[in-house]
Amino acid sequence: MKAAVYSEYGPPEVLSIAEVDKPTPGEKDVLIKVHATSVTASDYNMRSLNFPARLNIFYVPSRLVFGWFRPKRQILGMEFAGEIVSAGKSVTRFKVGDQVYGLAALRVGAYAEYMLMADDAAIALKPENLSYDQAAAIPFGATDANYYLKELGNIQPGYKVLIHGASGNVGSMAVQFAKYYGAEVTGVCSGVNFELVKSLGADHVIDYTAEDFTKNGVKYDLIFDTIGAIWFSEIKRSLADNGIYLANLMSGTDILRILWTSIVGGKRIKGGVGPSKPENMEFFKKLCEEGALKPVIDRRYTLDQIVEAHRYADTKRKKGSVVITVAQP
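Reading the values: rules and limits
- Residues numbered from 1 in each chain as written.
- Predicted model: local features only at pLDDT ≥ 70, side-chain atom pairs only at ≥ 80, totals over all residues.
- Heavy atoms only, no water.
- Helix = DSSP H or I, 4+ residues; strand = E, 2+ residues; numbered from the N terminus.
- Rg over C-alpha atoms; globule rule 2.2 N^0.38 Å.
- Buried < 20%, exposed > 50% of the residue type's maximum accessible area, 1.4 Å probe, protein only.
- Contact = heavy atoms within 4.5 Å.
- Areas by Shrake-Rupley, 256 points an atom, 1.4 Å probe, with all protein chains shown as cover.
- Lys, Arg positive; Asp, Glu negative; His and termini not counted.
- Charge placed at Lys NZ, Arg CZ, Asp CG, Glu CD.
- Polar contact = N/O pair within 3.5 Å; in protein donor to acceptor, adjacent residues only side chain to side chain.
- Salt bridge = Lys/Arg side-chain N within 4 Å of Asp/Glu carboxyl O.
- Phe/Tyr/Trp six-rings, centres within 6.5 Å; stacked < 30°, edge-to-face > 60°.
- Lys NZ or Arg CZ within 6 Å of the ring centre and 35° of its normal.
- Pairing = 2+ DSSP bridges.
- Axes fitted to C-alpha atoms, helices over the stretch in contact; angles between N-to-C directions.

Across its full length, the chain carries 10 helices and 15 strands. For 329 residues, the compact-globule estimate of 2.2 N^0.38 gives 20 Å, and the chain sits close to it at 20 Å. If you line up the chain on its principal axes, its C-alpha atoms span 60 × 45 × 40 Å. Taken over 329 residues, the chain has a buried fraction of 54%. Here the contacts in the chain between residues at least 6 apart in sequence split such that 70% fall between residues at least 24 apart. Taken as a whole, the chain presents about 14200 Å² of accessible surface, with 51% of it coming from carbon and sulfur. For the chain, the distance from the average position of its 38 positive side-chain charges to the average position of its 36 negative side-chain charges is 4 Å.

Next comes the structure, spelled out in structure tokens:
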């Protein structure tokens, strides 16, 4: 089968198209014919292992997990949507022919014509109102956004919530989840993305190139930095009493502050990694079919254009998702 592979860390050019063995499902696995995947921030970070300065603390752990000298898993791709073409004898949740979508997380493997997933992994039937391309743009951003706002932030109706990086993958999902949970939402983005963020349901939109939200006097119950561009010390005055700063990209200082603020209370900082669970995919499917959650797709590429797709994603200017079409339905 055809796949996009890489055998060393580096720029987009380390990716290439190759013929690899088609995987064989075990008794609890499903074999998925991949129709679409995407380029998430985790995909291009795993490809390069060139993290932002604030993430330097994770350099050694990342090498240990992903491979010290070369990648252990040579086929990237976290999000996917496709069709089940084979299932192990102990699989109970799915059958051949089911249209599914899901999140492979650190197992990756979606940059290929076929991929294996365990029956109990983060997979669900594809939302009926979404195409494969659209469904593949949901799992990664939705998982992080929902985890931070609901699990870490305990978002409540009437909360004032600010989403920093509101036009990105996680940010565009966070705006929609915050509105779903009944919050008053402020999105921060560049002026060119103003209308996009407004269309997702934001009550207020701030162009960061023209206004500094930390100086407007507004207090927020939750400030969710989806792109790691601000620091707790910079936005602390913009948090309400007992407000929470949700840090999607955590520095070593952030981790220490998480421990400290969890002890002393008051204005706090929280962070973590959204878990990949099948019930999440079921929940997102429901929201998509109800119209409460919709994908934002910036550009589409084919698998043969994987280098170009990663080049564009590396600019960190993408709106929502960059989708990769692997096979035509």
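From this point, the discussion proceeds with the structure in view.
Our next topic: the environment of Asp98. In this structure, Asp98 sits in the loop between strand S4 (79-87) and strand S5 (99-103). Note on Asp98: relative accessible area 10%, which makes it buried. The spacing of Asp98 and Glu83 is 15 residues in sequence and 5.7 Å in space, taken between C-alpha atoms. Setting aside its immediate chain neighbours within four residues, Asp98 contacts Gly82, Glu83, Ile84 and Leu125. At 2.9 Å, the side chain of Asp98 and the backbone nitrogen of Lys95 are in polar contact.

Next up on the list: the side chain of Lys126. Mapped onto the fold, Lys126 is located in the loop between strand S7 (123-125) and helix H3 (132-135). Of the buried charged residues, Lys126 lacks a salt bridge, with Glu289 as the closest side chain of opposite charge at 8.0 Å.

To continue, consider helix H1 (residues 41-48). Along an α-helix, residues three or four apart share an orientation, since each turn contains 3.6 residues. Burial within H1 is extensive, with 6 of its 8 residues counted as buried. Among the residues of H1, those classed as buried are Asp43, Tyr44, Asn45, Met46, Arg47 and Ser48. Residue Leu49 follows H1 closely and has a positive phi angle near 50°.

A separate point is unusual backbone geometry. If you check the backbone angles, Val108 has positive phi at about 45° while not being a glycine. Following the sequence through the fold, Val108 ends up in the loop between S5 and strand S6 (114-118).

Applying the stated criterion across every chain, the model contains 10 aromatic pairs. Relative to Tyr181, the ring of Tyr180 lies with its centre 5.2 Å away and its plane at 70°, an arrangement referred to as edge-to-face. The partly exposed category is assigned to Tyr180, whose relative accessible area is 35%. Judged by relative accessible area, which is 13%, Tyr181 ranks as buried. Connected via pairs of aromatic rings, a cluster forms that spans Phe177, Tyr180, Tyr181, Phe283 and Phe284. Sitting over the ring of Tyr114, Lys22 keeps its end group 4.2 Å from the ring centre. The cationic tip of Arg299 hangs over the ring face of Tyr312; the distance from NZ or CZ to the ring centre is 3.7 Å.

Let us look at the sheet that holds strand S10 (residues 204-207). Within the open sheet, the 6 strands sit side by side as S10-S9-S8-S11-S12-S13. Their pairing is parallel. A single partner strand is all that each edge strand has here, and the edge strands are S10 and strand S13 (268-270). When strand polarity is set aside, the average angle formed by the axes of neighbouring strands in this sheet is 20°. With 5 bridges joining them, strand S11 (residues 220-225) and strand S12 (residues 239-247) adopt parallel strand pairing. Of the residues in S12, the one forming a bridge with Ile223 is Tyr245. Contacts from helix H5 (residues 169-180) reach strand S8 (160-164), strand S9 (184-189) and S11, with the element oriented near 170° to S8.

These figures come from the coordinates and say nothing about function on their own.
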